[in-house]
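The lines below spell out each chain.
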Amino acid sequence: MFMDTRAAFYENPVIIADRQAWEEINLKDAGTIEVEIGFGSGEYLLRRASEYPDRLFIGIEKKSGLITELAKKVAIHNIDNIRLLESCASNAFTHLFPACSLSRAYSLFPDPWPKRRHIKYRLFSPQYLRLLNNRLISGCEALIVTDSKDYYNWVLKQLPGTGFEVENSTIPAQFDTRFERKWLEQDFRTFFRILLRKTEHIEA
Ligand SMILES: C[S@@+](CC[C@H](N)C(=O)[O-])C[C@H]1O[C@@H](n2cnc3c(N)ncnc32)[C@H](O)[C@@H]1O
């Protein structure tokens with residue numbers, strides 16, 4: 001977390017560049033907080049933030065170029081309820097968010113890491129799911145949407161013992177993100193949705 005030290009990061013009020021900027025957010029008084037993990041070009045985050053102006057939206061992305069690109073769009077659209085964090089999601093969840101602080105989390109088309117030797121890089125391992133559970137408020141939801149049936153089945157297998165009730169289904173395109181459009185261009189029409197509802201609090 002707080003990986004980029006360029007002045008541009010520090011000068012941009014949308015970007016959470018350091019611990020002080022993080023603390024200024026004051027999560028306790030921020031009301032309803034939603035987090036997008038790996039927002040890419042940020043289309044969904046921008047839409048949700050416009051739709052729900054009373055909520056705070058925190059976007060986590062590990063590529064700094066995507067952070068600066070989205071920060072520009074946030075300024076152009078004059079949106080004041082988005083903050084962006086350059087971080088690996090598991091570091092951010094471990095070190096920044098307290099237990100029971102988030103109302104909703106989502107990850108659209110997370111990297112599926114299809115090769116067997118890369119499975120260790122997949123998000124939504126049991127350890128990460130337990131952490132996500134811990135940071136969500138009871139009864140709140142996390143949404144994962146993927147184009148990869150293999151990844152979908154893998155995530156479903158990681159769920160036992162993570163404190164979530166699951167609703168899974170296939171869905172048509174509906175998020176209009178860069179990766180969804182990419183798959184549509186390649187004639188993918190069916191995507192896989194996993195909706196997790198926190199039913200039991202897990203210590204993590
Ligand atoms: C396949 S892209 C999907 C982007 C976007 N959600 C979309 O639908 O177009 C996955 C994104 O997740 C980001 N990402 C991958 N692993 C991450 C992690 N551990 N923490 C934060 N972001 C991550 C990547 O940099 C990339 O932008």
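Sequence order as written defines residue numbering, which begins from 1 separately in each chain. Two thresholds apply to this predicted model, a pLDDT of at least 70 for residue-level local features and 80 or more for giving and counting side-chain atom pairs, whereas whole-chain, interface and lining totals are computed over all residues. As a rule here, side-chain values cover all heavy atoms of the structure and leave hydrogens and water aside.

1. What to know about the nonpolar core
- For our purposes a nonpolar core is just a set of buried Ala, Val, Leu, Ile, Met, Phe, Trp, Tyr and Cys residues, chained together by side-chain atoms within 4.5 Å. Buried residues are those whose accessible area, probed at 1.4 Å on protein chains only, stays under 20% of the maximum for their type, while exposed residues exceed 50% and partly exposed ones sit between those limits. One finds W22, V35, I58, F93, F97 and F124 to be the most contacted residues of the largest nonpolar core, which totals 38 residues.
- Counting residues in each nonpolar core, the second largest holds 27 residues, with V14, A49, L108 and L195 among its members.

2. Some points on the pattern of salt bridges
- Any carboxyl oxygen of Asp or Glu that lies within 4 Å of a side-chain nitrogen of Lys or Arg is treated as forming a salt bridge with it. Under the defined criterion, the tally for this structure stands at 13 salt bridges.
- One salt bridge in this structure joins E34 and R104, with 4.0 Å as the shortest N-O distance. Placement of E34 in strand β1 (residues 33–37) and of R104 in strand β4 (residues 102–108) is noted, with a sequence separation of 70 residues between them.
- Note on E34: relative accessible area 1%, which makes it buried.
- On the basis of relative accessible area, R104 is assigned to the buried category, the value being 16%.
- Look at the salt bridges and you will find they share partners, linking E34, R48, R55, R104, E141, E165, E167, R193 and R197 into a network. Under the scheme used here, helices are H or I runs from DSSP no shorter than 4 residues and strands are E runs no shorter than 2 residues, and both carry numbers assigned from the N terminus.

3. What about the UniProt feature "binding site: S-adenosyl-L-methionine" (unreviewed entry) in the chain?
- UniProt positions are given in the numbering used here, feature names are shortened, and annotations may be inferred rather than shown by experiment. Under the UniProt annotation, "binding site: S-adenosyl-L-methionine" (unreviewed entry) lies at E36, E61 and D111. Spatial clustering of the annotated residues is evident: they stretch over 76 residues in sequence, but the largest pairwise C-alpha distance comes to 14.0 Å.
- Whether two residues are in contact is decided by their heavy atoms: any pair within 4.5 Å suffices. Not counting the four nearest positions on each side in its chain, E61 is found in contact with G38, F39, G40, L66, I67, L85, E86 and S87.
- Here F39 takes part through its backbone nitrogen, which lies 3.4 Å from a polar atom of the side chain of E61.
- Structurally, the position occupied by D111 is in the loop between β4 and α6 (126–135).
- Owing to a relative accessible area of 42%, D111 belongs among the partly exposed residues under this scheme. We define a polar contact as two N or O atoms separated by no more than 3.5 Å, with the added condition that, inside protein, one atom must be a possible hydrogen donor and the other a possible acceptor, whereas residues neighbouring each other in sequence contribute only through side-chain atom pairs.

4. Re a positive patch on the surface
- A surface patch of positive charge is lined by K62, K63, R178 and K182.
- For K182, the location among the structural elements is in helix α8 (residues 178–185). Patch criteria: residues need more than 30% relative accessible area and no salt bridge. Like-charged residues are merged within 9 Å; nonpolar side chains of Val, Leu, Ile, Met, Phe, Trp and Tyr are merged within 5 Å. Surface exposure here means Shrake-Rupley accessible area, sampled with a 1.4 Å probe, where a residue is shielded only by the protein chains that are shown. All tallies of charge rest on Lys and Arg as positive and Asp and Glu as negative; His and the ends of each chain are not included. Where a charge lies is defined by one atom per residue type, namely NZ (Lys), CZ (Arg), CG (Asp) and CD (Glu).

5. Observations regarding the sheet that holds β4
- Should DSSP find at least two bridges between two strands, the strands are taken to pair. Sheet architecture is open: seven strands sit in the order β3-β2-β1-β4-β5-β7-β6, paired in mixed fashion. What marks the edges here is a single partner per strand, and that holds for β3 (82–86) and β6 (164–171). The average angle at which neighbouring strand axes cross in this sheet is 15°, direction not considered.
- Where β1 lies against β4, three bridges are found, and the strand directions are parallel. By the bridge assignment, E34 is partnered in β4 with R104.
- Axis lines are fitted through C-alpha atoms, for helices just across the contact stretch, and the angle between N-to-C directions can take any value from 0 to 180 degrees. Its contacts with the sheet place α6 against β1, β4, β5 (136–146), β6 and β7 (191–198), and it is angled at close to 135° to β5.

6. Looking at the packing of aromatic side chains
- Any two rings among Phe, Tyr and Trp, with Trp reduced to its six-membered ring, count as a pair given centres within 6.5 Å; such a pair is stacked if its planes are under 30 degrees apart, edge-to-face if over 60, and tilted if neither. Within the structure shown, the criterion is met by eleven aromatic pairs.
- Ring centres 5.4 Å apart and planes at 75° place the aromatic pair F124 and Y128 in the edge-to-face group. Of the two residues, F124 and Y128, both sit in the buried class.
- Taken together, the ring pairs in this structure connect W22, F93, F97, F124 and Y128 into an aromatic cluster.

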